[in-house]
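Architecture at a glance
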Amino acid sequence: FDCSTVNNSEIINLVEGRMGLISIINEECVRPSGNSSSFVYKAKMIHKDSNHLVSEKLHRPWEFGVKHFAGLVTYDATDFIERNTDQLPLDLLECVTKCTNSIISTQFDTLLTERQTLMQSTRRKQGAMSMTICSKFRKRLAGLIEHIAATKT
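In this text the structure is predicted, and so the values were computed from the model without any measurement.

Criteria and cut-off values
Residues numbered from 1 in each chain as written. Predicted model: local features only at pLDDT ≥ 70, side-chain atom pairs only at ≥ 80, totals over all residues. Heavy atoms only, no water. Salt bridge = Lys/Arg side-chain N within 4 Å of Asp/Glu carboxyl O. Buried < 20%, exposed > 50% of the residue type's maximum accessible area, 1.4 Å probe, protein only. Axes fitted to C-alpha atoms, helices over the stretch in contact; angles between N-to-C directions. Helix = DSSP H or I, 4+ residues; strand = E, 2+ residues; numbered from the N terminus. Parallel < 35°, antiparallel > 145°, perpendicular 65-115°, else oblique. Left-handed = near helix turned anticlockwise from the far one by under 90°. Contact = heavy atoms within 4.5 Å. Nonpolar A, V, L, I, M, F, W, Y, C, P; charged D, E, K, R; others polar. pLDDT = per-residue confidence, 0-100. Phe/Tyr/Trp six-rings, centres within 6.5 Å; stacked < 30°, edge-to-face > 60°. Pairing = 2+ DSSP bridges.

All chains considered together, the criterion is met by five salt bridges. With a closest N to O distance of 2.8 Å, Arg31 and Glu28 form a salt bridge. According to the relative accessible area criterion, Arg31 is partly exposed, its value standing at 31%. When salt bridges with common partners are traced through the structure, they connect Glu27, Glu28, Arg31 and Lys42 into a single cluster.

Here's what the structure looks like:
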């Protein structure tokens, strides 16, 4: 199989684009009544013309499919919203930063600093979405894409 002929730009746009799956998940996390079924419904409505987001009649309200280059994958979004907002409690972070093991305290101190910075930025603007796991993933994915582009020959 020749991977050089695969163009994943449509899949990346579906997942990470302006109104992609990550944006929809983040939006659901901010809503007080946000849930997985609502996320899937919105994704299917927004991307109804996409060749890569699959909506089958037999899908449950929390299921959707994505047609990757290797084939169709059906996703169960049951806990997507809950998992995306999953964070360590602030008091636990503060406690672990006082650990006598310097490796552990340094790593968690960095995490605590990031969390406090994000909390301050969310107070200044409507940035609650910036605290989600998907947003962190999106940031890392962008960095990876930049790194790949920089090393391409």
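So, next bit.
Across the interface, helix α2 (residues 21–30) lies against helix α7 (residues 133–151) with an axial gap of 9 Å and an inter-helix angle of 150°. It follows that α2 is roughly antiparallel to α7 by the angle criterion. The hand of the α2/α7 crossing is left-handed. On α7, the residues that touch Ile22, Ser23, Ile25 and Asn26 of α2 are Cys134, Ser135, Phe137 and Arg138. Partitioning the contact of α2 with α7 into residue classes produces four nonpolar, three polar and one charged.

For the rest of this paragraph, the subject is the packing of α2 against helix α3 (residues 36–46). At a closest axis distance of 10 Å, the pairing of α2 and α3 adopts a crossing angle of 140°. Classified by chirality, the crossing of α3 by α2 is right-handed. On α3, the residues touching Leu21, Ile24, Ile25, Glu27 and Glu28 of α2 are Ser38, Phe39, Lys42, Ala43 and Ile46. In terms of residue class, the contact of α2 with α3 is made up of six nonpolar, one polar and three charged.

Another aspect to go through is the side chain of His59. Secondary-structure assignment places His59 in the loop between β1 (53–54) and β2 (63–68). A relative accessible area of 12% means that His59 is categorised as buried. Apart from residues no more than four positions distant in its own chain, His59 is found in contact with Lys44, Val54, Phe64, Gly65 and Thr74.

Turning our attention to the confidence of the model for the protein chain. Predicted confidence across the protein chain gives a mean pLDDT of 79, with 84% of residues reaching 70 or more. No element of the protein chain has a lower mean pLDDT than helix α6 (residues 102–124), which averages 73, and none a higher one than α3, which averages 92. This stretch, residues 124–130, has a pLDDT under 50; its non-local contacts, to residues over four places away or in other chains, come to 11 contacts.

The subject of this paragraph is the environment of Arg115. Along the chain, Arg115 turns up in helix α6. For Arg115, a relative accessible area of 12% puts it in the buried group.

Here we come to the packing of aromatic side chains. Throughout the structure, instances matching the rule amount to four aromatic pairs. Between Phe64 and Phe80, the aromatic rings sit 6.3 Å apart at their centres with planes inclined by 85°, giving edge-to-face as the arrangement. Note that Phe64 is positioned in strand β2 and Phe80 in helix α4 (residues 80–84), a separation of 16 residues in sequence. Every member of this aromatic cluster is reached through a ring pair, and the members are Phe39, Phe64, Tyr75 and Phe80.

On to the sheet that holds β2. Spatial ordering of the open sheet is given by β1-β2-β3, a layout of three strands whose pairing is antiparallel. Single-partner strands in this sheet number two, and they are β1 and β3 (71–76). As judged from the two bridges shared by β1 and β2, these two strands associate in the antiparallel manner. Following the sheet pairing, Leu53 is matched in β2 by Val66. Its contacts with the sheet put α3 on β1 and β2, and the angle it makes with β2 is roughly 45°.

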